[in-house]
Amino acid sequence: MGKVHLEDNDTKEKKTEFSLVRVKGTWRSTMGKKDNKDTADCVSAAKLYESITEKCTTWTVVSPIVFTYKVTETQDLLDPSNDTLLLGHISEPQELEDIKKSNKPIKRFVVVDQEVYKIYGPKLTEYLDAYNVLYKILALPTSEENKSMEMALKILEEVNSFSLDRRTEPIIAIGGGVCLDIVGLAASLYRRRTPYIRVPTTLLSYIDASVGAKTGVNFANCKNKLGTYIPPTAAFLDLSFIKTVPRRHIANGLAEMLKMALMKDKGLFELLEEHGCMLLDTKFQVDNSVYGRKRLQPASQATHIAIMTMLEELAPNLWEDDLNRLVDFGHLISPALEMKVLPSLLHGEAVNIDMSYMVYVSNEIGLLTEEEKQRVITCMVGMELPVWHEGCTMELIQKSLQDRLAHSGGLVRMPLPVGLGQAEIFNNTSCEILHRAYEKWCDELSISPDSSCDP
Ligand SMILES: NC(=O)c1ccc[n+]([C@@H]2O[C@H](COP(=O)([O-])OP(=O)(O)OC[C@H]3O[C@@H](n4cnc5c(N)ncnc54)[C@H](O)[C@@H]3O)[C@@H](O)[C@H]2O)c1
Ligand SMILES: [Zn+2]
(Lines give C-alpha, C1' and ligand atoms only; values in the text may rest on other atoms or scores of the structure.)
(Ligands and ions follow the chains in the order given, each with its own letter.)
Protein backbone atom coordinates (compact mmCIF):
# COMPACT_ATOMS: atom_id res chain seq x y z
CA MET A 1 0.00 0.00 0.00
CA GLY A 2 2.97 2.30 0.54
CA LYS A 3 4.19 4.76 -2.02
CA VAL A 4 6.81 3.87 -4.52
CA HIS A 5 8.87 6.61 -6.07
CA LEU A 6 11.25 5.45 -8.71
CA GLU A 7 13.44 7.75 -10.60
CA ASP A 8 15.19 6.22 -13.53
CA ASN A 9 17.94 8.58 -14.53
CA ASP A 10 18.39 7.11 -18.01
CA THR A 11 14.76 7.46 -19.11
CA LYS A 12 13.88 10.19 -16.61
CA GLU A 13 10.71 8.35 -15.64
CA LYS A 14 9.04 9.04 -12.33
CA LYS A 15 6.75 6.25 -11.18
CA THR A 16 4.28 6.40 -8.31
CA GLU A 17 2.05 3.72 -6.91
CA PHE A 18 -1.23 4.82 -5.35
CA SER A 19 -3.62 2.92 -3.18
CA LEU A 20 -7.28 3.88 -3.29
CA VAL A 21 -9.18 4.48 -0.09
CA ARG A 22 -12.71 5.65 0.57
CA VAL A 23 -13.15 8.23 3.27
CA LYS A 24 -16.71 9.37 4.02
CA GLY A 25 -17.95 8.31 0.61
CA THR A 26 -15.15 9.83 -1.45
CA TRP A 27 -12.41 7.79 -3.09
CA ARG A 28 -8.92 9.21 -2.83
CA SER A 29 -5.56 8.08 -4.08
CA THR A 30 -3.00 7.83 -1.36
CA MET A 31 0.69 7.16 -1.26
CA GLY A 32 1.30 6.87 2.44
CA LYS A 33 0.07 4.43 5.05
CA LYS A 34 -0.97 6.92 7.68
CA ASP A 35 -3.97 8.67 6.28
CA ASN A 36 -5.77 5.58 5.04
CA LYS A 37 -5.65 3.02 7.84
CA ASP A 38 -7.18 5.16 10.51
CA THR A 39 -9.84 7.05 8.63
CA ALA A 40 -10.71 4.93 5.60
CA ASP A 41 -14.00 3.06 5.56
CA CYS A 42 -12.80 0.98 2.62
CA VAL A 43 -9.45 0.20 1.02
CA SER A 44 -9.80 -0.94 -2.59
CA ALA A 45 -7.92 -3.89 -4.01
CA ALA A 46 -7.37 -1.70 -7.09
CA LYS A 47 -4.16 0.26 -7.64
CA LEU A 48 -3.30 3.28 -9.65
CA TYR A 49 0.18 3.77 -11.08
CA GLU A 50 1.38 7.08 -12.41
CA SER A 51 4.35 7.36 -14.71
CA ILE A 52 5.74 10.73 -15.75
CA THR A 53 8.38 11.06 -18.41
CA GLU A 54 9.51 14.00 -20.49
CA LYS A 55 7.13 12.91 -23.25
CA CYS A 56 3.97 11.98 -21.39
CA THR A 57 2.08 11.10 -18.26
CA THR A 58 0.49 7.66 -18.08
CA TRP A 59 -1.86 6.29 -15.46
CA THR A 60 -2.10 2.53 -15.27
CA VAL A 61 -5.17 1.07 -13.59
CA VAL A 62 -4.97 -2.38 -12.03
CA SER A 63 -8.47 -3.35 -10.98
CA PRO A 64 -9.04 -6.94 -9.90
CA ILE A 65 -12.53 -8.09 -10.83
CA VAL A 66 -13.97 -10.96 -8.87
CA PHE A 67 -16.75 -13.13 -10.22
CA THR A 68 -18.78 -15.17 -7.78
CA TYR A 69 -21.32 -17.65 -9.08
CA LYS A 70 -23.05 -20.78 -7.92
CA VAL A 71 -23.59 -24.06 -9.69
CA THR A 72 -26.35 -25.91 -7.84
CA GLU A 73 -27.52 -29.44 -8.53
CA THR A 74 -31.05 -29.78 -7.24
CA GLN A 75 -34.16 -31.90 -7.74
CA ASP A 76 -37.67 -30.94 -8.75
CA LEU A 77 -36.63 -27.45 -9.83
CA LEU A 78 -40.13 -26.75 -11.16
CA ASP A 79 -41.93 -28.09 -8.12
CA PRO A 80 -43.58 -25.20 -6.26
CA SER A 81 -42.13 -26.49 -3.00
CA ASN A 82 -38.64 -25.69 -4.32
CA ASP A 83 -37.88 -21.94 -4.46
CA THR A 84 -34.36 -22.38 -5.89
CA LEU A 85 -35.24 -21.07 -9.35
CA LEU A 86 -36.43 -17.75 -7.92
CA LEU A 87 -34.26 -17.29 -4.84
CA GLY A 88 -31.37 -19.78 -5.04
CA HIS A 89 -28.95 -17.20 -6.43
CA ILE A 90 -29.19 -14.99 -3.35
CA SER A 91 -26.39 -15.59 -0.85
CA GLU A 92 -27.04 -12.83 1.66
CA PRO A 93 -29.38 -14.13 4.40
CA GLN A 94 -30.66 -10.62 5.12
CA GLU A 95 -31.50 -9.98 1.47
CA LEU A 96 -33.33 -13.28 1.30
CA GLU A 97 -35.31 -12.54 4.41
CA ASP A 98 -36.24 -9.08 3.13
CA ILE A 99 -37.53 -10.51 -0.14
CA LYS A 100 -39.53 -13.20 1.61
CA LYS A 101 -41.09 -10.66 3.96
CA SER A 102 -41.79 -8.00 1.35
CA ASN A 103 -45.14 -7.80 -0.42
CA LYS A 104 -43.49 -6.75 -3.66
CA PRO A 105 -44.07 -9.41 -6.32
CA ILE A 106 -41.04 -11.14 -7.82
CA LYS A 107 -40.49 -10.21 -11.48
CA ARG A 108 -38.73 -12.48 -13.97
CA PHE A 109 -38.02 -12.55 -17.68
CA VAL A 110 -37.65 -16.14 -18.86
CA VAL A 111 -36.28 -17.32 -22.20
CA VAL A 112 -37.00 -20.97 -23.00
CA ASP A 113 -35.99 -23.18 -25.89
CA GLN A 114 -39.18 -23.72 -27.93
CA GLU A 115 -38.95 -27.52 -27.81
CA VAL A 116 -38.37 -27.43 -24.06
CA TYR A 117 -41.35 -25.10 -23.70
CA LYS A 118 -43.58 -27.58 -25.50
CA ILE A 119 -42.76 -30.19 -22.85
CA TYR A 120 -42.22 -28.15 -19.69
CA GLY A 121 -44.24 -24.96 -20.46
CA PRO A 122 -47.30 -25.88 -18.36
CA LYS A 123 -45.12 -26.88 -15.38
CA LEU A 124 -43.14 -23.67 -15.67
CA THR A 125 -46.18 -21.39 -15.74
CA GLU A 126 -47.76 -23.34 -12.87
CA TYR A 127 -44.57 -22.84 -10.89
CA LEU A 128 -44.34 -19.10 -11.56
CA ASP A 129 -48.06 -18.65 -10.82
CA ALA A 130 -47.64 -20.48 -7.51
CA TYR A 131 -45.20 -17.75 -6.43
CA ASN A 132 -47.31 -14.93 -7.94
CA VAL A 133 -44.40 -13.95 -10.12
CA LEU A 134 -44.87 -11.16 -12.65
CA TYR A 135 -43.33 -12.86 -15.65
CA LYS A 136 -42.85 -12.92 -19.36
CA ILE A 137 -41.89 -16.19 -21.01
CA LEU A 138 -40.25 -15.96 -24.41
CA ALA A 139 -40.17 -19.36 -26.14
CA LEU A 140 -37.71 -19.30 -29.03
CA PRO A 141 -36.38 -21.75 -31.62
CA THR A 142 -32.84 -21.63 -30.20
CA SER A 143 -31.23 -24.02 -32.67
CA GLU A 144 -27.59 -23.93 -33.80
CA GLU A 145 -28.69 -22.35 -37.14
CA ASN A 146 -30.42 -19.54 -35.21
CA LYS A 147 -27.53 -18.95 -32.85
CA SER A 148 -27.04 -15.42 -34.12
CA MET A 149 -26.83 -11.80 -33.10
CA GLU A 150 -30.32 -11.32 -34.56
CA MET A 151 -31.70 -13.77 -32.00
CA ALA A 152 -29.81 -12.02 -29.19
CA LEU A 153 -31.23 -8.67 -30.34
CA LYS A 154 -34.75 -10.09 -30.47
CA ILE A 155 -34.36 -11.15 -26.83
CA LEU A 156 -32.96 -7.73 -25.92
CA GLU A 157 -35.93 -5.90 -27.45
CA GLU A 158 -38.33 -7.99 -25.41
CA VAL A 159 -36.24 -7.56 -22.25
CA ASN A 160 -36.27 -3.83 -22.82
CA SER A 161 -40.05 -3.60 -23.09
CA PHE A 162 -40.47 -5.77 -19.99
CA SER A 163 -38.35 -3.28 -17.98
CA LEU A 164 -36.29 -5.21 -15.49
CA ASP A 165 -34.52 -4.03 -12.39
CA ARG A 166 -30.98 -4.75 -13.48
CA ARG A 167 -29.77 -5.42 -9.95
CA THR A 168 -32.39 -7.71 -8.51
CA GLU A 169 -34.24 -9.36 -11.37
CA PRO A 170 -32.02 -11.83 -13.20
CA ILE A 171 -32.99 -13.08 -16.64
CA ILE A 172 -33.61 -16.83 -16.62
CA ALA A 173 -32.52 -19.05 -19.54
CA ILE A 174 -33.94 -22.57 -19.79
CA GLY A 175 -32.71 -24.86 -22.56
CA GLY A 176 -29.70 -26.51 -24.18
CA GLY A 177 -26.29 -24.94 -24.72
CA VAL A 178 -27.52 -22.82 -27.63
CA CYS A 179 -30.26 -21.14 -25.59
CA LEU A 180 -27.95 -20.61 -22.60
CA ASP A 181 -25.20 -19.12 -24.78
CA ILE A 182 -27.50 -16.66 -26.61
CA VAL A 183 -29.31 -15.50 -23.48
CA GLY A 184 -25.99 -15.18 -21.65
CA LEU A 185 -24.71 -12.88 -24.39
CA ALA A 186 -27.92 -10.82 -24.43
CA ALA A 187 -27.76 -10.45 -20.63
CA SER A 188 -24.11 -9.41 -20.68
CA LEU A 189 -24.96 -6.71 -23.20
CA TYR A 190 -28.11 -5.37 -21.59
CA ARG A 191 -27.19 -2.31 -19.54
CA ARG A 192 -23.60 -3.54 -19.87
CA ARG A 193 -24.21 -6.54 -17.60
CA THR A 194 -27.48 -7.86 -16.30
CA PRO A 195 -27.41 -10.93 -14.07
CA TYR A 196 -28.74 -14.13 -15.58
CA ILE A 197 -29.49 -17.67 -14.48
CA ARG A 198 -28.86 -20.83 -16.47
CA VAL A 199 -31.07 -23.88 -16.35
CA PRO A 200 -29.57 -26.54 -18.64
CA THR A 201 -31.94 -29.08 -20.14
CA THR A 202 -29.53 -31.23 -22.20
CA LEU A 203 -26.75 -33.42 -20.85
CA LEU A 204 -24.11 -31.43 -22.72
CA SER A 205 -25.26 -28.14 -21.27
CA TYR A 206 -25.68 -29.75 -17.83
CA ILE A 207 -22.02 -30.68 -17.50
CA ASP A 208 -20.41 -28.17 -19.84
CA ALA A 209 -22.16 -25.04 -21.12
CA SER A 210 -23.83 -24.18 -17.82
CA VAL A 211 -20.85 -24.39 -15.51
CA GLY A 212 -18.45 -21.91 -17.16
CA ALA A 213 -18.41 -18.23 -17.99
CA LYS A 214 -18.66 -18.20 -21.76
CA THR A 215 -21.56 -16.78 -23.76
CA GLY A 216 -21.79 -16.40 -27.50
CA VAL A 217 -23.41 -16.55 -30.91
CA ASN A 218 -22.11 -17.65 -34.29
CA PHE A 219 -20.86 -14.92 -36.61
CA ALA A 220 -19.19 -14.70 -40.03
CA ASN A 221 -19.64 -18.45 -40.46
CA CYS A 222 -17.60 -19.14 -37.33
CA LYS A 223 -18.80 -20.79 -34.17
CA ASN A 224 -19.17 -18.50 -31.15
CA LYS A 225 -17.20 -15.70 -32.82
CA LEU A 226 -19.12 -13.04 -30.85
CA GLY A 227 -19.34 -13.54 -27.13
CA THR A 228 -18.32 -12.58 -23.64
CA TYR A 229 -16.77 -14.12 -20.57
CA ILE A 230 -19.51 -13.25 -18.11
CA PRO A 231 -20.64 -16.10 -15.85
CA PRO A 232 -24.24 -16.45 -14.75
CA THR A 233 -25.21 -15.46 -11.23
CA ALA A 234 -26.18 -19.08 -10.80
CA ALA A 235 -26.73 -22.28 -12.74
CA PHE A 236 -29.51 -24.53 -11.45
CA LEU A 237 -29.17 -28.11 -12.57
CA ASP A 238 -31.96 -30.66 -12.43
CA LEU A 239 -31.26 -34.05 -14.02
CA SER A 240 -34.93 -34.79 -14.56
CA PHE A 241 -34.96 -32.50 -17.64
CA ILE A 242 -32.65 -34.99 -19.33
CA LYS A 243 -35.32 -37.69 -19.49
CA THR A 244 -36.90 -36.13 -22.57
CA VAL A 245 -33.63 -35.43 -24.44
CA PRO A 246 -33.30 -37.49 -27.66
CA ARG A 247 -30.93 -40.48 -27.29
CA ARG A 248 -28.39 -39.09 -29.77
CA HIS A 249 -28.13 -35.91 -27.72
CA ILE A 250 -27.44 -37.92 -24.56
CA ALA A 251 -24.51 -39.60 -26.31
CA ASN A 252 -23.45 -36.13 -27.43
CA GLY A 253 -23.18 -35.03 -23.79
CA LEU A 254 -21.42 -38.25 -22.81
CA ALA A 255 -18.59 -37.28 -25.17
CA GLU A 256 -17.80 -34.14 -23.14
CA MET A 257 -18.04 -36.20 -19.99
CA LEU A 258 -15.57 -38.71 -21.42
CA LYS A 259 -13.23 -35.82 -22.20
CA MET A 260 -13.03 -34.91 -18.52
CA ALA A 261 -12.62 -38.59 -17.62
CA LEU A 262 -9.69 -39.11 -20.00
CA MET A 263 -7.97 -35.90 -18.99
CA LYS A 264 -8.46 -35.96 -15.26
CA ASP A 265 -10.33 -38.77 -13.60
CA LYS A 266 -9.78 -42.50 -13.99
CA GLY A 267 -12.73 -43.24 -11.70
CA LEU A 268 -15.06 -41.39 -14.07
CA PHE A 269 -13.59 -43.30 -17.01
CA GLU A 270 -14.21 -46.63 -15.30
CA LEU A 271 -17.71 -45.53 -14.43
CA LEU A 272 -18.45 -44.67 -18.07
CA GLU A 273 -16.77 -47.87 -19.22
CA GLU A 274 -19.02 -49.91 -16.97
CA HIS A 275 -22.25 -47.93 -16.98
CA GLY A 276 -22.06 -45.66 -20.07
CA CYS A 277 -24.51 -47.76 -22.02
CA MET A 278 -26.93 -48.00 -19.10
CA LEU A 279 -26.75 -44.22 -18.61
CA LEU A 280 -27.64 -43.80 -22.26
CA ASP A 281 -30.54 -46.24 -21.98
CA THR A 282 -31.94 -44.73 -18.79
CA LYS A 283 -31.14 -41.11 -19.73
CA PHE A 284 -29.51 -40.55 -16.34
CA GLN A 285 -32.83 -41.14 -14.56
CA VAL A 286 -32.38 -44.42 -12.76
CA ASP A 287 -30.53 -43.60 -9.59
CA ASN A 288 -32.09 -40.19 -9.54
CA SER A 289 -35.61 -41.48 -9.12
CA VAL A 290 -34.93 -44.69 -7.22
CA TYR A 291 -32.24 -43.69 -4.79
CA GLY A 292 -33.09 -40.07 -4.15
CA ARG A 293 -30.15 -37.93 -3.16
CA LYS A 294 -27.54 -40.64 -2.86
CA ARG A 295 -24.36 -39.67 -4.65
CA LEU A 296 -23.09 -43.21 -4.98
CA GLN A 297 -25.15 -44.10 -8.01
CA PRO A 298 -23.71 -43.89 -11.53
CA ALA A 299 -25.84 -41.04 -12.91
CA SER A 300 -25.35 -38.57 -10.08
CA GLN A 301 -21.79 -39.72 -9.49
CA ALA A 302 -20.87 -39.21 -13.14
CA THR A 303 -22.41 -35.73 -13.35
CA HIS A 304 -20.89 -34.78 -10.01
CA ILE A 305 -17.33 -35.71 -11.08
CA ALA A 306 -17.77 -34.19 -14.53
CA ILE A 307 -18.91 -30.85 -13.05
CA MET A 308 -16.25 -30.81 -10.33
CA THR A 309 -13.38 -31.61 -12.71
CA MET A 310 -14.67 -29.02 -15.17
CA LEU A 311 -14.90 -26.35 -12.46
CA GLU A 312 -11.35 -27.17 -11.29
CA GLU A 313 -10.09 -26.34 -14.77
CA LEU A 314 -12.34 -23.32 -15.38
CA ALA A 315 -12.28 -21.43 -12.08
CA PRO A 316 -8.56 -20.51 -12.17
CA ASN A 317 -8.79 -19.65 -15.86
CA LEU A 318 -12.23 -18.11 -16.29
CA TRP A 319 -11.13 -15.80 -19.08
CA GLU A 320 -8.95 -18.44 -20.72
CA ASP A 321 -5.81 -16.33 -20.38
CA ASP A 322 -3.77 -19.46 -19.83
CA LEU A 323 -3.67 -21.19 -23.19
CA ASN A 324 -2.60 -24.54 -21.74
CA ARG A 325 -6.06 -25.99 -21.25
CA LEU A 326 -6.83 -29.66 -20.74
CA VAL A 327 -10.49 -28.89 -21.55
CA ASP A 328 -9.34 -28.27 -25.14
CA PHE A 329 -8.87 -32.01 -25.57
CA GLY A 330 -11.12 -33.05 -28.46
CA HIS A 331 -11.41 -29.43 -29.56
CA LEU A 332 -8.35 -29.04 -31.78
CA ILE A 333 -9.63 -30.64 -34.97
CA SER A 334 -13.34 -30.88 -34.18
CA PRO A 335 -14.29 -27.21 -34.85
CA ALA A 336 -13.10 -27.46 -38.46
CA LEU A 337 -14.67 -30.90 -38.85
CA GLU A 338 -17.96 -29.66 -37.39
CA MET A 339 -18.09 -26.70 -39.79
CA LYS A 340 -17.02 -28.86 -42.75
CA VAL A 341 -19.74 -31.48 -42.39
CA LEU A 342 -22.45 -29.30 -40.80
CA PRO A 343 -25.13 -30.27 -39.85
CA SER A 344 -24.39 -33.99 -39.98
CA LEU A 345 -22.30 -34.14 -36.77
CA LEU A 346 -23.33 -32.81 -33.39
CA HIS A 347 -20.69 -30.96 -31.37
CA GLY A 348 -19.98 -33.86 -28.98
CA GLU A 349 -19.76 -36.28 -31.90
CA ALA A 350 -17.13 -34.18 -33.64
CA VAL A 351 -15.29 -33.86 -30.32
CA ASN A 352 -15.35 -37.63 -29.95
CA ILE A 353 -13.85 -38.19 -33.41
CA ASP A 354 -11.09 -35.75 -32.51
CA MET A 355 -10.49 -37.54 -29.18
CA SER A 356 -10.47 -40.94 -30.89
CA TYR A 357 -7.69 -39.80 -33.26
CA MET A 358 -5.74 -38.21 -30.39
CA VAL A 359 -5.89 -41.49 -28.49
CA TYR A 360 -4.10 -43.05 -31.47
CA VAL A 361 -1.53 -40.24 -31.34
CA SER A 362 -0.97 -40.93 -27.64
CA ASN A 363 -0.57 -44.61 -28.36
CA GLU A 364 1.89 -43.89 -31.17
CA ILE A 365 4.03 -41.73 -28.88
CA GLY A 366 3.92 -44.48 -26.25
CA LEU A 367 1.82 -42.55 -23.72
CA LEU A 368 -1.07 -45.00 -23.87
CA THR A 369 -0.71 -48.76 -24.14
CA GLU A 370 -2.47 -50.73 -26.86
CA GLU A 371 -4.83 -52.12 -24.23
CA GLU A 372 -5.65 -48.68 -22.84
CA LYS A 373 -6.28 -47.37 -26.35
CA GLN A 374 -8.62 -50.25 -27.03
CA ARG A 375 -10.50 -49.68 -23.78
CA VAL A 376 -11.13 -46.04 -24.70
CA ILE A 377 -12.39 -46.89 -28.19
CA THR A 378 -14.65 -49.66 -26.84
CA CYS A 379 -16.06 -47.25 -24.28
CA MET A 380 -16.80 -44.68 -27.01
CA VAL A 381 -18.49 -47.25 -29.22
CA GLY A 382 -20.53 -48.52 -26.27
CA MET A 383 -21.86 -45.00 -25.78
CA GLU A 384 -22.86 -44.89 -29.47
CA LEU A 385 -20.35 -42.22 -30.34
CA PRO A 386 -18.67 -42.07 -33.75
CA VAL A 387 -14.94 -42.89 -33.55
CA TRP A 388 -13.99 -42.11 -37.14
CA HIS A 389 -15.21 -39.85 -39.93
CA GLU A 390 -14.26 -39.67 -43.58
CA GLY A 391 -14.32 -35.86 -43.39
CA CYS A 392 -11.50 -35.96 -40.86
CA THR A 393 -8.67 -36.09 -43.40
CA MET A 394 -4.96 -35.64 -42.79
CA GLU A 395 -5.21 -32.26 -44.56
CA LEU A 396 -7.91 -31.14 -42.15
CA ILE A 397 -5.85 -32.32 -39.18
CA GLN A 398 -2.77 -30.47 -40.39
CA LYS A 399 -4.68 -27.32 -41.17
CA SER A 400 -6.35 -27.34 -37.76
CA LEU A 401 -3.03 -27.74 -36.00
CA GLN A 402 -1.51 -24.94 -38.08
CA ASP A 403 -4.41 -22.64 -37.18
CA ARG A 404 -3.90 -23.57 -33.58
CA LEU A 405 -0.23 -22.67 -33.88
CA ALA A 406 -1.15 -19.25 -35.22
CA HIS A 407 -3.74 -18.49 -32.52
CA SER A 408 -2.07 -20.03 -29.55
CA GLY A 409 1.14 -18.10 -29.09
CA GLY A 410 3.18 -20.11 -31.58
CA LEU A 411 2.64 -23.45 -29.82
CA VAL A 412 0.20 -26.23 -30.72
CA ARG A 413 -0.50 -27.03 -27.04
CA MET A 414 -1.93 -30.46 -27.63
CA PRO A 415 -3.48 -32.06 -24.54
CA LEU A 416 -2.95 -35.83 -24.70
CA PRO A 417 -3.84 -38.66 -22.33
CA VAL A 418 -0.85 -40.18 -20.59
CA GLY A 419 -2.50 -43.26 -19.17
CA LEU A 420 -6.21 -43.30 -18.34
CA GLY A 421 -7.46 -40.26 -16.43
CA GLN A 422 -4.24 -38.25 -16.65
CA ALA A 423 -2.98 -35.86 -19.27
CA GLU A 424 -0.22 -33.51 -20.24
CA ILE A 425 0.15 -30.77 -22.83
CA PHE A 426 2.52 -31.51 -25.71
CA ASN A 427 3.91 -28.85 -28.00
CA ASN A 428 6.05 -30.67 -30.49
CA THR A 429 4.38 -33.82 -31.72
CA SER A 430 6.15 -34.67 -34.96
CA CYS A 431 4.46 -34.88 -38.36
CA GLU A 432 5.69 -38.43 -38.61
CA ILE A 433 3.83 -39.46 -35.46
CA LEU A 434 0.69 -37.65 -36.63
CA HIS A 435 0.83 -39.46 -39.98
CA ARG A 436 1.52 -42.89 -38.50
CA ALA A 437 -1.30 -42.44 -35.98
CA TYR A 438 -3.62 -41.35 -38.79
CA GLU A 439 -2.88 -44.39 -40.92
CA LYS A 440 -3.40 -46.75 -38.03
CA TRP A 441 -6.58 -44.90 -37.01
CA CYS A 442 -8.02 -45.28 -40.52
CA ASP A 443 -6.89 -48.91 -40.83
CA GLU A 444 -8.51 -49.95 -37.61
CA LEU A 445 -11.59 -47.74 -37.41
CA SER A 446 -12.65 -46.64 -40.90
CA ILE A 447 -15.15 -49.48 -40.91
CA SER A 448 -16.55 -48.37 -37.58
CA PRO A 449 -17.22 -51.17 -35.13
CA ASP A 450 -20.88 -51.89 -34.57
CA SER A 451 -22.17 -49.69 -31.79
CA SER A 452 -24.42 -51.89 -29.82
CA CYS A 453 -25.24 -52.08 -26.15
CA ASP A 454 -25.53 -55.87 -26.18
CA PRO A 455 -22.63 -57.61 -24.47
N1 LIG B 1 -20.72 -21.73 -23.10
C2 LIG B 1 -20.00 -22.82 -23.04
O3 LIG B 1 -19.06 -22.93 -22.26
C4 LIG B 1 -20.35 -23.97 -23.94
C5 LIG B 1 -19.78 -25.22 -23.72
C6 LIG B 1 -20.15 -26.27 -24.53
C7 LIG B 1 -21.06 -26.07 -25.57
N8 LIG B 1 -21.58 -24.83 -25.77
C9 LIG B 1 -22.55 -24.59 -26.86
O10 LIG B 1 -23.69 -25.40 -26.63
C11 LIG B 1 -24.32 -25.70 -27.86
C12 LIG B 1 -24.72 -27.15 -27.88
O13 LIG B 1 -25.59 -27.38 -26.79
P14 LIG B 1 -26.64 -28.59 -26.78
O15 LIG B 1 -25.95 -29.83 -27.18
O16 LIG B 1 -27.33 -28.53 -25.50
O17 LIG B 1 -27.59 -28.25 -28.04
P18 LIG B 1 -28.97 -27.48 -28.20
O19 LIG B 1 -29.11 -26.34 -27.31
O20 LIG B 1 -29.11 -27.24 -29.67
O21 LIG B 1 -30.04 -28.60 -27.79
C22 LIG B 1 -30.13 -29.79 -28.51
C23 LIG B 1 -31.57 -30.14 -28.92
O24 LIG B 1 -32.27 -30.64 -27.81
C25 LIG B 1 -33.52 -29.97 -27.64
N26 LIG B 1 -33.75 -30.02 -26.19
C27 LIG B 1 -33.13 -29.32 -25.23
N28 LIG B 1 -33.50 -29.74 -24.02
C29 LIG B 1 -34.41 -30.71 -24.21
C30 LIG B 1 -35.16 -31.52 -23.33
N31 LIG B 1 -35.02 -31.45 -22.00
N32 LIG B 1 -36.02 -32.42 -23.86
C33 LIG B 1 -36.13 -32.53 -25.21
N34 LIG B 1 -35.43 -31.81 -26.08
C35 LIG B 1 -34.59 -30.90 -25.59
C36 LIG B 1 -33.30 -28.63 -28.25
O37 LIG B 1 -34.51 -28.07 -28.70
C38 LIG B 1 -32.39 -28.97 -29.42
O39 LIG B 1 -33.14 -29.40 -30.51
C40 LIG B 1 -23.33 -25.32 -28.94
O41 LIG B 1 -23.80 -24.15 -29.61
C42 LIG B 1 -22.04 -25.02 -28.19
O43 LIG B 1 -21.29 -24.01 -28.83
C44 LIG B 1 -21.25 -23.79 -24.99
ZN1 LIG C 1 -17.09 -28.87 -26.40
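In this text, all values refer to a predicted model and were calculated from it rather than measured experimentally.

Scanning the chain from N- to C-terminus turns up 16 helices and 15 strands. For the chain, whose C-alpha radius of gyration is 25 Å, the value lies close to the compact-globule estimate of 23 Å for 455 residues. Each principal axis of the C-alpha atoms in the chain carries an extent, and together these give about 75 × 70 × 40 Å. Put simply, the chain has 455 residues, and 49% of those count as buried. For the chain, contacts bridging at least 24 residues in sequence account for 70% of all contacts bridging at least 6. With 51 positive and 63 negative side-chain charges, the chain shows a separation of 9 Å between the mean positions of the two kinds.

This next bit is on the environment of Thr60. Here Thr60 shows up in strand 5 (residues 57-62). When its relative accessible area of 39% is taken as the criterion, Thr60 is described as partly exposed. When the C-alpha atoms of Thr60 and Leu367 are compared, they prove to be 46 Å apart, with 307 residues separating the residues in sequence. Discounting chain neighbours no more than four positions away, the residues touching Thr60 are Lys47, Leu48 and Tyr49.

Lining the immediate environment of ligand 1, one finds 25 residues, of which Glu144, Gly177, Thr201, Thr202 and Thr244 sit closest. Within the side chain of Asn224, an N or O atom sits 3.2 Å from an oxygen atom of ligand 1. Calculation on ligand 1 without its partners gives an accessible area of 860 Å², and the protein chains cover 87% of this total. Secondary structure elements with two or more residues in the shell around ligand 1: helix 4 (114-130), helix 6 (177-189), helix 7 (203-209), strand 12 (222-226) and helix 8 (247-264). Among the elements that make up the shell around ligand 1, the one with the highest residue count is helix 4 (four residues). Residue composition of the shell around ligand 1, by class: nine nonpolar, eight polar and eight charged.

Our focus in this paragraph is the sheet that holds strand 8 (residues 134-140). Strand order in the open sheet formed by six strands is 6-13-10-9-7-8, and the pairing between neighbours is parallel. The open sheet has two edge strands with one neighbour each: strand 6 (70-73) and strand 8. The sheet shows a mean angle of 15 degrees between the axes of neighbouring strands, direction not considered. Where strand 7 (residues 107-113) and strand 8 come together, seven bridges link them in parallel fashion. Within strand 8, the position partnered with Val110 by the bridge is Ile137. Taken strand by strand, helix 5 (residues 149-162) contacts strand 7, strand 8 and strand 9 (171-175), and its axis lies near 165 degrees from that of strand 8. Along the sheet, helix 6 contacts strand 7, strand 9 and strand 10 (196-200); its crossing angle with strand 9, the most-contacted strand, is approximately 165 degrees.

That bond from Leu342 to Pro343 is cis: its omega, 0 degrees, falls within 30 degrees of zero. With respect to the helices and strands, the residue Pro343 is situated in the loop between helix 12 (334-341) and helix 13 (347-365). Non-glycine residue Ser163 carries a positive phi angle of around 50 degrees. Secondary-structure assignment places Ser163 in the loop between helix 5 and strand 9. In the Ramachandran plot, Phe284 falls in the positive-phi region, its phi being about 65 degrees despite a non-glycine side chain. Residue placement: Phe284 occurs in the loop between helix 9 (266-282) and helix 10 (286-290). On the basis of relative accessibility, which here comes to 0%, the residue Phe284 falls in the buried class.

The parts lose accessible area when they come together, and the size of an interface is often stated as this lost area. In terms of domains, the chain is made up of domain 1 (5-62), domain 2 (70-245) and domain 3 (318-445). Here domain 2 and domain 3 have C-alpha centroids that lie 33 Å from each other. At the boundary of domain 2 with domain 3, total buried surface from both sides reaches about 710 Å², with 61% on carbon and sulfur atoms. Looking only at domain 2, the three residues that lose the most surface to domain 3 are Leu204, Lys223 and Tyr229, adding up to 61% of its buried area. The interface formed by domain 2 and domain 3 includes two salt bridges. The salt bridge involving Lys214 is made with Glu320; its shortest N-O contact spans 3.0 Å. Inspection of the domain 2/domain 3 interface yields four residue pairs in polar contact (both at pLDDT 80 or more). Taken together, the residues of the side of domain 2 that touches domain 3 break down into five nonpolar, one polar and two charged.

Turning to the state of the cysteines, a few remarks are in order. For the structure on display, the rule yields zero disulfides. Cys392 supplies the cysteine sulfur nearest to Cys222, a cysteine that is in no disulfide, at a spacing of 18 Å. Cys392 takes part in no disulfide bond, and the closest cysteine sulfur to it belongs to Cys442, at a distance of 8.1 Å.

All right, on to the pattern of salt bridges then. Scanning the entire structure with this criterion turns up 26 salt bridges. Ionic pairing is found between Glu384 and Arg247, a salt bridge with its closest N-O pair at 2.7 Å. With a gap of 137 residues between them, Glu384 in the loop between helix 14 (370-382) and helix 15 (394-407) and Arg247 in helix 8 connect regions that are remote in the sequence. Exposure remark for Glu384: the relative accessible area of 28% places this residue in the partly exposed category. Note on Arg247: relative accessible area 31%, which makes it partly exposed. Note that Lys440 and Glu370 form a salt bridge whose closest N and O atoms lie 3.9 Å from each other.

Rules of the game
Residues numbered from 1 in each chain as written. Chains lettered and ligands numbered in written order. Predicted model: local features only at pLDDT ≥ 70, side-chain atom pairs only at ≥ 80, totals over all residues. Heavy atoms only, no water. Helix = DSSP H or I, 4+ residues; strand = E, 2+ residues; numbered from the N terminus. Rg over C-alpha atoms; globule rule 2.2 N^0.38 Å. Buried < 20%, exposed > 50% of the residue type's maximum accessible area, 1.4 Å probe, protein only. Contact = heavy atoms within 4.5 Å. Lys, Arg positive; Asp, Glu negative; His and termini not counted. Charge placed at Lys NZ, Arg CZ, Asp CG, Glu CD. Near = heavy atom within 4 Å. Polar contact = N/O pair within 3.5 Å; in protein donor to acceptor, adjacent residues only side chain to side chain. Areas by Shrake-Rupley, 256 points an atom, 1.4 Å probe, with all protein chains shown as cover. Nonpolar A, V, L, I, M, F, W, Y, C, P; charged D, E, K, R; others polar. Pairing = 2+ DSSP bridges. Axes fitted to C-alpha atoms, helices over the stretch in contact; angles between N-to-C directions. Domains from an automatic or database assignment. Buried area = accessible area lost by both parts, 1.4 Å probe. Salt bridge = Lys/Arg side-chain N within 4 Å of Asp/Glu carboxyl O. Disulfide = S-S within 2.5 Å.

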